[in-house]
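Fold and geometry: a report
Residue-level listing of the chains:
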Amino acid sequence: MSLAASSTHLSEPNILVVGTGDTKSDELQFMAGIIRDAGGRPVMIDVSILSDPPYKPDYSRHDIAMSAGTSIEEIIDSGDENSAMALMSDGAAALVGTLHATGKADGVIILGGSMGTDLALDVAAALPLGVPKFVVSTIAYSHLVPPERIAPDLMMILWAGGLYGLNGICRAVLSQACGAVVGAARASVKPAADRPLIGMTSLGSSCLKYMKHLKPELEKRGYDVAVFHSTGMGGRAFEAIAAQKGFAAVFDFCMQEVVNHQNGTVVTSGPDRMENAGRRGIPQIVAPGATDMVDLPAWQPLPAALSDRPYHAHNRLIGSVTTSPDGRRATAALIGEKLGRTQAPVALLLPLKGVQEWDQPGEPLHDPEGLAVFTEAMRLAVPASVALHEVDAHINSSEFSTKALTVFDTWVSEGIIPEGRP
């Protein structure tokens, strides 16, 4: 999969409109009208449970139940509203996936409160990267939405003032969302398979710098390179694409989100960070970039467990604290555990002179004792199935990047990674 392709410029894209028509008929029909006016074709998908809507949808709640391998009566009798909606989510996701596979879905917009948003996340995840996905939700941007359930290219808007019935605010929000999804479907550049895609993780370009050397070198070899910013949602996008087997190989050199999740901060990409590439058999070259730090919201008080550690506010949104020696031992153990579960070759590059820009001599986070503790713990934690390469250099050095390319080129010559296409 490559991120370079041509726009399809669809003249009348099919936009799936998903919602509970029995309770949100006015809103959904208003959305259908906006989509038509914007040049799209609304395809109405009803995910109601208890009754049919006052309009005839293109796909009814009975069709949804059938796609889930059951009947609407069995869904109603399944136990409670949670179990019933979970089954409807399964059916809606299956139906939407089928519609896309048969060329009948160019974009999707889903409307809902917390219950509808739960379903919406499954529906959006059923569509590949490049298909516009818009969720209108009463809990948009909320911490109620776990990062591991967010599709990598999901768009959300808060359904302000829209809990019950249409009004001026609600119409403004719904019309924006409908216009956005139609416009996205008409202008979307779909990923193409012209060159193998390499996934790479980093943390800005000041903290970790290796991509400045690696990206052009990999492109010379005929690969497309996507670099993900490991501040929670970047790692989530990386993991979602890996779960779809979207990478030919990964350079997972920033593991800081693993440390964040381990320490309970909201700057997380979910519990499965560093797991999906291995689960899907994607070759991995990994390194413990920025594993000495925990990122936290700068607008919240520091957790008591970290309040005595050196702290730096990167901006008004995010700040970092360094971890203790015991914390670094725990991180090394967790990394080793995750790497031991992989189903493909893994090489761990262990930089002996530092794992991020500010831990070097003269920098504010220089901590040679902590680095030594982590390095030794990492040596002990690496499973036998992982090739360990110690690099007597800093992670931001040219020596580190050269070693990464050496491992990569060897794997290409051995057929572990597919050859590039210049």
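Anyway, here's the lowdown on the structure attached to this text. Here the structure is a predicted model, which means the values were calculated and not measured.

1. Looking at the environment of Val386
With respect to the secondary-structure elements, Val386 resides in the loop between helix H12 (368-381) and strand E14 (387-391). Taking relative accessible area as the criterion, Val386 reaches 7% and is therefore assigned buried. Linking Val386 and Val227, residues 159 residues apart in sequence, is a C-alpha distance of 23 Å. In this view, Val386 contacts Leu339, Val346, Ala347 and Leu348; residues no more than four positions away in its chain are not counted.

2. Focus: the packing of aromatic side chains
Enumeration according to the criterion identifies nine aromatic pairs in this entry. Ring centres 5.1 Å apart and planes at 80° place the aromatic pair Tyr223 and Phe408 in the edge-to-face group. One end of the pair, Tyr223, is in the loop between helix H7 (211-220) and strand E7 (224-229); the other, Phe408, is in helix H13 (residues 398-413), and 185 residues separate them in sequence. The burial state of Tyr223 is the same as that of Phe408; both residues are buried. Centre to centre, the rings of Phe228 and Phe247 are 5.9 Å apart; their planes meet at 80°, and the pair counts as edge-to-face.

3. Concerning the side chain of Gln256
For Gln256, the position within the fold is in helix H9 (residues 256-262). Of the residues examined, Gln256 reaches a relative accessible area of 0% and is grouped as buried. Once you skip the residues sitting within four places of it in the chain, Gln256 turns out to touch Leu203, Ser230, Gly289, Ala290, Met293, Val294 and Asp295.

About the cut-offs
Residues numbered from 1 in each chain as written. Predicted model: local features only at pLDDT ≥ 70, side-chain atom pairs only at ≥ 80, totals over all residues. Heavy atoms only, no water. Helix = DSSP H or I, 4+ residues; strand = E, 2+ residues; numbered from the N terminus. Buried < 20%, exposed > 50% of the residue type's maximum accessible area, 1.4 Å probe, protein only. Contact = heavy atoms within 4.5 Å. Phe/Tyr/Trp six-rings, centres within 6.5 Å; stacked < 30°, edge-to-face > 60°.

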